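Architecture at a glance
Chain residues, written in single-letter form:
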Amino acid sequence: MTAPEDTENWVWLARIRHPQGRKGEVIAQILTDFPEKFTDRKRLWLLAGAGASARPATAAVSASVPREVELIAHWLHKGGIVLHFAGVDSISDAETLQGLIVAIPRSERASLAEDEFYIGDLVGCTVVDLAGSEPVSIGAIEDVDRTAGPVALLVVAGASGEVLVPFAKSYLRKIDLAARRIEMALPEGLIDLNSPKTAE
């Protein structure tokens, strides 16, 4: 069976980090709010990673993605998830998957409440700060870090480097996925505090 033709119509579930164990397992960063649904998913797809934080896959694997894989085992481990795919039976096999995205077609994703959003939908959106007298574009979202604390952090590619923006409901004003735009009212100084420090 081949992957769906529309290669942009995906929901990201996890990003593969590195091998875990000796039998082909990999440890992955969880990118879904529903990790328990891996129990119901035996058919997944591997996509090439996007964004600066994703490690590039090897040329051999890149040439074959998106590709369908069968999930034969999984378990949660230290804030991430361990995945074992059929046909990936060694550390060397697992190494070829580093940086790839584990995904499903958008048509298969779980339903959300009206005020909930998928992480994969946020990646690529531009964050705009409305707190000042004029709207200020902070940059495009490259990733979402859900491991830093109770509030997820938007990893934004700012003009001077990576900026971390708390994805707090109190800051959020509007999410327009069609326009790829997220409007927020950020506290004064937050961007400077979470931006790369310039050399003195």
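Read on for a plain summary of the structure. (Residues numbered from 1 in each chain as written. Predicted model: local features only at pLDDT ≥ 70, side-chain atom pairs only at ≥ 80, totals over all residues. Heavy atoms only, no water.)

Let us now look at the nonpolar core. With 23 residues, the main nonpolar core has Ile16, Leu44, Leu83 and Phe85 as its most contacted residues. Residue assignment for this core shows that the elements contributing at least two residues are strand 1 (10-19), strand 2 (26-30), strand 3 (43-47), strand 4 (67-77), strand 5 (80-85) and strand 6 (101-105). Top contributing element to this core by residue count: strand 1, with four residues. Not counting residues up to four positions away in its chain, the partners in contact with Leu44 are Leu13, Phe38, Arg67, Glu68, Val69, Leu71, Phe85, Val102, Ala103 and Ile104. Among the nonpolar cores identified, the runner-up in size contains 20 residues, and Ile141, Ala152, Ala168 and Leu186 belong to it. (Core = buried A, V, L, I, M, F, W, Y, C linked by side-chain atoms within 4.5 Å. Buried < 20%, exposed > 50% of the residue type's maximum accessible area, 1.4 Å probe, protein only. Helix = DSSP H or I, 4+ residues; strand = E, 2+ residues; numbered from the N terminus. Contact = heavy atoms within 4.5 Å.)

Take the pattern of salt bridges next. Throughout the structure, instances matching the rule amount to four salt bridges. As a salt-bridge pair, Asp143 and Arg15 come within 3.1 Å of each other at their nearest N and O atoms. Within this pair, whereas Asp143 is found in strand 8 (residues 136-145), its partner Arg15 is found in strand 1, the two being separated by 128 residues in sequence. Of the two residues, Asp143 and Arg15, neither departs from the other in class, the shared state being buried. (Salt bridge = Lys/Arg side-chain N within 4 Å of Asp/Glu carboxyl O.)

Before going further, it helps to spend a moment on the sheet that holds strand 2. Read around the closed barrel, six strands run 1-2-5-4-3-6, paired in antiparallel fashion. Sheet twist, expressed as the mean angle between neighbouring strand axes with direction ignored, is 50°. Of the strand pairs in this sheet, strand 1 and strand 6 are connected by five bridges, and their pairing is antiparallel. Of the residues in strand 6, the one forming a bridge with Trp12 is Ala103. (Pairing = 2+ DSSP bridges. Axes fitted to C-alpha atoms, helices over the stretch in contact; angles between N-to-C directions.)

Here we come to unusual backbone geometry. Peptide bonds are, in most cases, trans, and in most cases residues other than glycine have a negative phi. Located in the positive-phi region is Lys78, a residue other than glycine, with phi close to 50°. Here Lys78 is to be found in the loop between strand 4 and strand 5. Residue classification places Lys78 among the exposed residues on the basis of a relative accessible area of 80%. A positive phi angle, near 55°, is found at Arg180, a position not held by glycine. Taking the relative accessible area as the measure of exposure, Arg180 reaches 33% and is therefore partly exposed.

In this section: the packing of aromatic side chains. Enumeration according to the criterion identifies one aromatic pair in this entry. Pairing Trp10 with Trp45 gives two aromatic rings, centres 5.6 Å apart and planes at 50°, and the pair type is tilted. In this pair, Trp10 sits in strand 1 while Trp45 sits in strand 3, placing the two residues 35 residues apart along the sequence. Exposure class is identical for Trp10 and Trp45. Each is buried. (Phe/Tyr/Trp six-rings, centres within 6.5 Å; stacked < 30°, edge-to-face > 60°.)

Honestly, that's just the spatial picture; any functional story needs more than this.
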